[in-house]
Amino acid sequence: TYTQWVKQTIPVNKPISGIKFIDSLKGWACTSIGTGGANYAYILYTTNGGTNWLLQDSSFNATYGAICILNSNIAYCGGYDFTSNSANLKKTTNGGANWISIPTPTNMAIGDMVFLNQDSGWSCSSNIGPDVRTTTNGGLNWIVRTSGIAQQTQRLFFLNYNTGFCGANSFLYKTTNAGLIWVLIGNFTEQVKSIFFPDQNTGWVGATGAKIFFTTNSGINWLTQTTPGFAGTTTDIYFVNSQTGWGGGSTSVVCKTTNGGSNWGYQLDTSQSFRISILDSLIGWTAQFGISRTTNGGGIIVYTGFVNNGNEVPVKFILHENYPNPFNPATTIKLDLPKSSNVNLIICDMLGRELYSIVNEYLRTGSYEFTWDARSYSSGIYFYRLTTNNFTETKKMILIK
């Protein structure tokens, strides 16, 4: 019951490089060329939420990096063709019954791609320095538009044909005139690997170093958010509303927030979450080494620090009993803090050996909770001790596997 990202069976042993669902049943995914075995990349298709995946297309000595689904009939899939030294760009107008190759210029590659309708789209590549291109005739012709961008480009996000964002190394650029001019709005310490803006002002940028950067004023100011569980990069990001969002990465977890990113926790995901496709607060898919699906929001969120869970001001300090108790494999510890304090939490076994600690975390007045993930520990009795400036208390909890 702990992980609610359920792994699905796919017909190929290739890393998934793109995934998109248009409803709870119908979706597409594409793969990279991978390593070893046949030098093919594939397009996969499902009509039952991923219970069964079918092969729709294969490309020899080529790879895919992005897939764009406009409706149940029209879709684009793009990558790179090693034989022709050009983009591997394919389009379907009949739901994937036929995928038709679209010729592209030599030296063009597609690392990321956005289509706004069946004619107008954008692509970028990280192979040849600054490379952002636009098409208004379904990919038959591409125009380079990189004015203002000096770095290697890697990710795109567009609200409409005129307004979009481009990640280039550790910089984020914005255009409001269809790429004629790109303006720098973010200069980070990490490389930009994913972008999500629900409107022109509010946005999140996923980056290397397990970082997410957040703005509410179109990049004039940025706040740094840290995602737990990721060793490297936030490779994909998506919000269903202003509060609830997921962050993907190349590890066996997917990160989730329910308060706009002020706190990020994680959920277990054995497929890994290099790419994500989220329909709503309950239904979504993650993909890299396989594809996983959730129908209940992904299950429990594990946090690595205290999370504020209320607006009321407590009248006294209370360390609550953990819940559930007994538990397997995670439990939540809640406390009420009547005044701002430095808080220490230590979890230890029956021999007094320290297993987990939060040291000198400054918390303002309020109610907080912390979820302890004990999946790597054996059944038994454990103790948690919480200490503030003028209060300390120890309680017992039981892990049963």
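Everything that follows concerns the structure shown earlier in this document.
Residues numbered from 1 in each chain as written. Predicted model: local features only at pLDDT ≥ 70, side-chain atom pairs only at ≥ 80, totals over all residues. Heavy atoms only, no water.

## Looking at the pairing of strand 12 (residues 132-135)
Burial along strand 12 is two-sided: Val132 and Thr134 and Arg133 and Thr135, pointing in opposite directions, are all buried. In the sheet, strand 12 pairs with strand 13 (residues 143-144) via 2 bridges, with the strands oriented antiparallel. Bridge pairing links threonine 134 to isoleucine 143 in strand 13. (Buried < 20%, exposed > 50% of the residue type's maximum accessible area, 1.4 Å probe, protein only. Helix = DSSP H or I, 4+ residues; strand = E, 2+ residues; numbered from the N terminus. Pairing = 2+ DSSP bridges.)

## Some words on unusual backbone geometry
In this model, asparagine 325 is joined to proline 326 through a cis peptide bond whose omega is 5°. Position of proline 326 relative to the elements: it lies in the loop between strand 30 (318-319) and strand 31 (330-337). Omega for the bond connecting asparagine 328 with proline 329 falls within 30 degrees of zero, at -5°, which places this linkage in the cis form. Its place among the elements puts proline 329 in the loop between strand 30 and strand 31. Phi is positive for asparagine 61, which is not a glycine, with a value near 55°. By relative accessible area, asparagine 61 is classed as partly exposed at 23%.

## Things to note about the pattern of salt bridges
Scanning the entire structure with this criterion turns up 7 salt bridges. Among the salt bridges present, the one from aspartate 131 reaches arginine 133, with a minimum N-O distance of 2.7 Å. On the basis of relative accessibility, which here comes to 10%, the residue arginine 133 falls in the buried class. Beyond isolated ion pairs, a larger network of salt bridges with shared partners links Asp112, Arg155 and Asp236. (Salt bridge = Lys/Arg side-chain N within 4 Å of Asp/Glu carboxyl O.)

## A closer look at a nonpolar patch on the surface
Taken together, the side chains of Leu180, Ile181 and Val183 present a nonpolar region at the surface, about 270 Å² in accessible area. Here leucine 180 is to be found in the loop between strand 16 (171-175) and strand 17 (183-187). A relative accessible area of 52% means that leucine 180 is categorised as exposed. (Patch = residues over 30% accessible without salt bridge, like charges linked within 9 Å, V, L, I, M, F, W, Y side chains within 5 Å. Areas by Shrake-Rupley, 256 points an atom, 1.4 Å probe, with all protein chains shown as cover.)

## As for the sheet that holds strand 8 (residues 86-92)
One key point about sheets: their strands pair by backbone hydrogen bonds, in either a parallel or an antiparallel sense. The sheet built from 4 strands is open, its strands ordered 6-7-8-9 with antiparallel pairing. Pairing within the sheet leaves two strands with one partner each, and these edge strands are strand 6 (62-69) and strand 9 (100-101). With 7 bridges joining them, strand 7 (residues 75-81) and strand 8 adopt antiparallel strand pairing. Residue pairing in the sheet places aspartate 81 in a bridge with serine 86 of strand 8.

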